[in-house]
Amino acid sequence: MAEKRNIFLVGPMGAGKSTIGRHLAQQLHMEFFDSDSVIEDRTGADISWVFDVEGEDGFRVREENVINDLTQEQGIVLATGGGSVKSKENRNRLSARGIVVYLETTIEKQLARTQRDKKRPLLQTDTPREVLEALAEERNPLYEEVADYVVRTDDQSAKVVANQIIKML
Ligand code: S3P
(Lines give C-alpha, C1' and ligand atoms only; values in the text may rest on other atoms or scores of the structure.)
Protein backbone atom coordinates (compact mmCIF):
# COMPACT_ATOMS: atom_id res chain seq x y z
CA MET A 1 0.00 0.00 0.00
CA ALA A 2 1.73 3.17 -1.22
CA GLU A 3 0.01 5.58 1.13
CA LYS A 4 -2.13 5.11 4.22
CA ARG A 5 -5.64 5.13 2.88
CA ASN A 6 -8.56 4.72 5.22
CA ILE A 7 -9.75 1.17 5.76
CA PHE A 8 -13.44 0.73 6.48
CA LEU A 9 -14.76 -2.58 7.77
CA VAL A 10 -18.38 -3.43 7.05
CA GLY A 11 -20.37 -6.57 7.77
CA PRO A 12 -22.94 -7.99 10.15
CA MET A 13 -22.95 -8.13 13.94
CA GLY A 14 -20.48 -10.75 15.14
CA ALA A 15 -18.35 -10.73 11.99
CA GLY A 16 -15.35 -9.59 14.05
CA LYS A 17 -15.09 -6.02 12.73
CA SER A 18 -13.82 -4.48 15.97
CA THR A 19 -11.35 -7.23 16.86
CA ILE A 20 -9.96 -7.48 13.34
CA GLY A 21 -9.95 -3.68 13.03
CA ARG A 22 -7.82 -3.36 16.16
CA HIS A 23 -5.29 -5.88 14.83
CA LEU A 24 -5.17 -4.09 11.48
CA ALA A 25 -4.66 -0.68 13.06
CA GLN A 26 -1.94 -1.97 15.35
CA GLN A 27 -0.02 -3.65 12.56
CA LEU A 28 -0.38 -0.77 10.12
CA HIS A 29 0.28 1.90 12.79
CA MET A 30 -3.03 3.53 12.04
CA GLU A 31 -5.63 4.91 14.42
CA PHE A 32 -8.63 2.68 15.15
CA PHE A 33 -12.24 3.79 15.57
CA ASP A 34 -15.44 1.88 16.16
CA SER A 35 -18.54 3.83 15.16
CA ASP A 36 -20.61 2.42 18.05
CA SER A 37 -17.96 3.43 20.59
CA VAL A 38 -17.80 6.93 19.14
CA ILE A 39 -21.60 7.22 19.42
CA GLU A 40 -21.34 6.08 23.05
CA ASP A 41 -18.57 8.60 23.75
CA ARG A 42 -20.56 11.43 22.17
CA THR A 43 -23.83 10.62 23.94
CA GLY A 44 -22.27 9.50 27.22
CA ALA A 45 -24.63 6.53 27.10
CA ASP A 46 -24.59 3.04 25.68
CA ILE A 47 -26.14 1.92 22.39
CA SER A 48 -29.08 0.23 24.15
CA TRP A 49 -29.93 3.50 25.86
CA VAL A 50 -29.87 5.36 22.53
CA PHE A 51 -32.22 2.75 21.01
CA ASP A 52 -34.52 2.91 24.05
CA VAL A 53 -34.74 6.67 24.22
CA GLU A 54 -34.38 7.77 20.60
CA GLY A 55 -35.46 4.64 18.76
CA GLU A 56 -33.58 3.03 15.91
CA ASP A 57 -34.20 6.11 13.74
CA GLY A 58 -32.47 8.34 16.30
CA PHE A 59 -29.57 5.93 16.49
CA ARG A 60 -29.22 5.93 12.68
CA VAL A 61 -29.02 9.73 12.60
CA ARG A 62 -26.20 9.62 15.14
CA GLU A 63 -24.49 6.82 13.21
CA GLU A 64 -24.68 8.80 9.97
CA ASN A 65 -23.11 11.85 11.65
CA VAL A 66 -20.28 9.76 13.10
CA ILE A 67 -19.58 8.05 9.78
CA ASN A 68 -19.63 11.37 7.96
CA ASP A 69 -17.10 12.80 10.44
CA LEU A 70 -14.80 9.79 10.67
CA THR A 71 -14.63 9.11 6.93
CA GLN A 72 -13.10 12.57 6.57
CA GLU A 73 -10.09 11.49 8.64
CA GLN A 74 -6.90 10.31 6.95
CA GLY A 75 -5.30 6.93 7.51
CA ILE A 76 -7.74 5.40 9.98
CA VAL A 77 -9.24 1.96 10.42
CA LEU A 78 -12.97 2.18 11.09
CA ALA A 79 -15.22 -0.66 12.24
CA THR A 80 -18.74 0.37 11.23
CA GLY A 81 -21.99 -0.80 12.86
CA GLY A 82 -23.68 -3.66 11.01
CA GLY A 83 -26.64 -1.51 9.96
CA SER A 84 -24.67 1.47 8.69
CA VAL A 85 -24.87 0.28 5.07
CA LYS A 86 -28.65 0.78 5.10
CA SER A 87 -27.99 4.46 4.48
CA LYS A 88 -27.13 5.40 0.91
CA GLU A 89 -25.21 8.41 2.23
CA ASN A 90 -23.08 6.15 4.40
CA ARG A 91 -22.42 3.79 1.50
CA ASN A 92 -21.39 6.69 -0.74
CA ARG A 93 -19.10 8.16 1.89
CA LEU A 94 -17.48 4.84 2.72
CA SER A 95 -16.84 4.06 -0.97
CA ALA A 96 -15.51 7.50 -1.77
CA ARG A 97 -13.24 7.96 1.20
CA GLY A 98 -11.43 4.68 1.69
CA ILE A 99 -11.00 1.00 0.98
CA VAL A 100 -14.06 -0.95 2.08
CA VAL A 101 -13.60 -4.51 3.31
CA TYR A 102 -16.68 -6.67 3.85
CA LEU A 103 -16.15 -9.22 6.62
CA GLU A 104 -18.38 -12.12 5.79
CA THR A 105 -19.37 -14.88 8.20
CA THR A 106 -22.02 -17.49 8.91
CA ILE A 107 -25.16 -17.07 10.99
CA GLU A 108 -23.76 -19.80 13.33
CA LYS A 109 -20.62 -17.77 14.01
CA GLN A 110 -22.65 -14.60 14.48
CA LEU A 111 -24.85 -16.37 17.03
CA ALA A 112 -21.85 -17.80 18.86
CA ARG A 113 -20.03 -14.47 18.97
CA THR A 114 -23.03 -12.42 20.09
CA GLN A 115 -24.60 -14.99 22.43
CA ARG A 116 -23.45 -13.64 25.76
CA ASP A 117 -23.69 -10.08 24.56
CA LYS A 118 -26.33 -7.84 26.04
CA LYS A 119 -25.15 -4.80 24.11
CA ARG A 120 -26.98 -5.31 20.82
CA PRO A 121 -30.59 -4.13 21.06
CA LEU A 122 -31.67 -5.85 17.82
CA LEU A 123 -30.67 -9.21 19.31
CA GLN A 124 -32.63 -8.83 22.55
CA THR A 125 -35.18 -11.30 21.26
CA ASP A 126 -36.13 -14.96 21.71
CA THR A 127 -35.44 -15.57 18.03
CA PRO A 128 -31.97 -14.14 17.29
CA ARG A 129 -31.36 -16.60 14.44
CA GLU A 130 -34.46 -15.41 12.58
CA VAL A 131 -33.51 -11.79 13.17
CA LEU A 132 -29.97 -12.36 11.86
CA GLU A 133 -31.31 -14.22 8.82
CA ALA A 134 -33.73 -11.43 7.96
CA LEU A 135 -31.00 -8.79 8.39
CA ALA A 136 -28.63 -10.84 6.20
CA GLU A 137 -31.19 -11.02 3.44
CA GLU A 138 -31.72 -7.28 3.51
CA ARG A 139 -28.12 -6.20 4.05
CA ASN A 140 -25.76 -8.71 2.41
CA PRO A 141 -26.39 -7.20 -1.04
CA LEU A 142 -25.56 -3.78 0.42
CA TYR A 143 -22.29 -5.01 1.96
CA GLU A 144 -21.41 -6.51 -1.42
CA GLU A 145 -22.33 -3.32 -3.25
CA VAL A 146 -20.06 -1.15 -1.14
CA ALA A 147 -17.13 -3.59 -0.77
CA ASP A 148 -13.80 -3.37 -2.55
CA TYR A 149 -12.81 -6.68 -0.97
CA VAL A 150 -14.69 -9.53 0.68
CA VAL A 151 -13.00 -11.63 3.37
CA ARG A 152 -14.42 -14.63 5.23
CA THR A 153 -13.92 -14.51 8.99
CA ASP A 154 -15.61 -17.70 10.17
CA ASP A 155 -12.74 -20.19 9.98
CA GLN A 156 -9.68 -18.24 11.07
CA SER A 157 -8.49 -16.05 13.92
CA ALA A 158 -8.79 -12.26 13.90
CA LYS A 159 -5.01 -11.95 13.58
CA VAL A 160 -4.87 -14.22 10.54
CA VAL A 161 -7.74 -12.34 8.88
CA ALA A 162 -5.98 -9.02 9.57
CA ASN A 163 -2.80 -10.34 7.92
CA GLN A 164 -4.82 -11.55 4.95
CA ILE A 165 -6.32 -8.08 4.54
CA ILE A 166 -2.90 -6.42 4.77
CA LYS A 167 -1.60 -8.63 1.96
CA MET A 168 -4.57 -7.74 -0.25
CA LEU A 169 -4.23 -3.97 0.10
C1 S3P B 1 -26.42 -2.93 14.59
C2 S3P B 1 -25.14 -3.37 14.81
C3 S3P B 1 -24.38 -2.97 15.99
C4 S3P B 1 -24.85 -1.60 16.51
C5 S3P B 1 -26.32 -1.61 16.74
C6 S3P B 1 -27.12 -1.96 15.47
C7 S3P B 1 -27.14 -3.41 13.38
O8 S3P B 1 -22.98 -2.88 15.67
O9 S3P B 1 -24.50 -0.60 15.61
O10 S3P B 1 -26.60 -2.52 17.77
O11 S3P B 1 -28.13 -2.78 12.98
O12 S3P B 1 -26.69 -4.43 12.79
P13 S3P B 1 -22.04 -4.17 15.43
O14 S3P B 1 -22.20 -4.57 14.00
O15 S3P B 1 -20.68 -3.65 15.73
O16 S3P B 1 -22.47 -5.22 16.37
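See the structure above.
Residues numbered from 1 in each chain as written. Predicted model: local features only at pLDDT ≥ 70, side-chain atom pairs only at ≥ 80, totals over all residues. Heavy atoms only, no water.

Across its full length, the protein carries 7 helices and 5 strands. Of the regular secondary structure in the protein, the N- to C-terminal order runs β-α-β-α-α-β-α-β-α-α-β-α. For 169 residues, the compact-globule estimate of 2.2 N^0.38 gives 15 Å, and the protein sits close to it at 15 Å. Taking all 169 residues of the protein together, 46% fall into the buried category. Restricting the contact set of the protein to residue pairs at least 6 apart, pairs at least 24 apart contribute 74%. (Helix = DSSP H or I, 4+ residues; strand = E, 2+ residues; numbered from the N terminus. Rg over C-alpha atoms; globule rule 2.2 N^0.38 Å. Buried < 20%, exposed > 50% of the residue type's maximum accessible area, 1.4 Å probe, protein only. Contact = heavy atoms within 4.5 Å.)

What follows covers the pattern of salt bridges. Counting across every chain of the model gives 9 salt bridges. Across the pair Glu104 and Arg152 runs a salt bridge, and its minimum N-O distance is 3.2 Å. You can see Glu104 sitting in strand S4 (residues 99–104) and its partner Arg152 sitting in strand S5 (residues 149–152), a full 48 residues away along the chain. (Salt bridge = Lys/Arg side-chain N within 4 Å of Asp/Glu carboxyl O.)

With that settled, the discussion passes to the sheet that holds strand S2 (residues 31–34). What the 5 strands build is an open sheet, ordered S2-S3-S1-S4-S5; its pairing is parallel. Of all the strands in the sheet, just S2 and S5 have a single pairing partner and so form its edges. Across the sheet, the axes of successive neighbouring strands diverge by a mean angle of 20°, strand direction being ignored. By the bridge criterion, 3 bridges tie strand S1 (residues 7–10) to strand S3 (residues 76–79) in an arrangement that is parallel. Bridge pairing links Phe8 to Leu78 in S3. (Pairing = 2+ DSSP bridges. Axes fitted to C-alpha atoms, helices over the stretch in contact; angles between N-to-C directions.)

Next up on the list: the nonpolar core. For soluble globular proteins, nonpolar side chains are generally found buried alongside one another. In this structure, Val10, Leu70, Leu78 and Leu94 are the most contacted members of the largest nonpolar core, which totals 22 residues. Within the residue set of this core, elements represented by two or more residues are S1, helix H2 (35–43), helix H3 (47–70), S3, S4 and helix H6 (128–146). Ranked by residue count, the leading element in this core is H3, at 7 residues. With residues near it in sequence (within four places) discarded, Leu94 still touches Phe8, Val10, Ile67, Thr71, Leu78, Thr80, Val100 and Val146. (Core = buried A, V, L, I, M, F, W, Y, C linked by side-chain atoms within 4.5 Å.)

Here the focus is the packing of H2 against H3. Relative orientation and spacing of two packed helices are given, respectively, by the angle between their axes and the distance between those axes. It is the contact of H2 with H3, at a shortest axis distance of 9 Å, that shows an interaxial angle of 110°. In terms of axis orientation, H2 runs roughly perpendicular to H3. Viewed along their axes, H2 and H3 form a crossing whose handedness is right-handed. From H2, Ser35, Asp36, Val38, Ile39, Glu40, Arg42 and Thr43 reach across to H3, where they touch Ile47, Val50, Phe59, Arg62, Glu63, Asn65, Val66, Ile67, Asp69 and Leu70. (Parallel < 35°, antiparallel > 145°, perpendicular 65-115°, else oblique. Left-handed = near helix turned anticlockwise from the far one by under 90°.)

It is worth spelling out the pairing of S4 at this point. Of all 6 residues in S4, 5 are buried; the element is thus mostly enclosed. Relative to S4, S1 runs parallel, the two sharing 4 bridges. If you follow Phe8 over to S4, its bridge partner there is Val100. Pairing of S4 with S5 involves 4 bridges; the strand directions are parallel. Bridge pairing links Glu104 to Arg152 in S5.

For Asp34, the location among the structural elements is in strand S2. No salt bridge is formed by the buried Asp34; its nearest oppositely charged neighbour, Arg22, is found at 5.0 Å. Within the structure, Asp34 has its side chain in polar contact with the side chain of Ser18 (distance 2.6 Å). Not counting residues up to four positions away in its chain, the partners in contact with Asp34 are Ser18, Leu78 and Ala79. (Lys, Arg positive; Asp, Glu negative; His and termini not counted. Polar contact = N/O pair within 3.5 Å; in protein donor to acceptor, adjacent residues only side chain to side chain.)

Moving on, we get to the packing of H3 against helix H4 (residues 88–97). Running from amino to carboxyl end, H3 crosses H4 at an angle of 15°, the nearest separation of the two axes being 10 Å. Considering their axes alone, H3 and H4 lie roughly parallel with respect to each other. Along this stretch, H3 crosses H4, giving a crossing that reads as left-handed. In contact with Glu64, Ile67 and Asn68 of H3, H4 contributes Glu89, Asn90, Arg93, Leu94 and Arg97.

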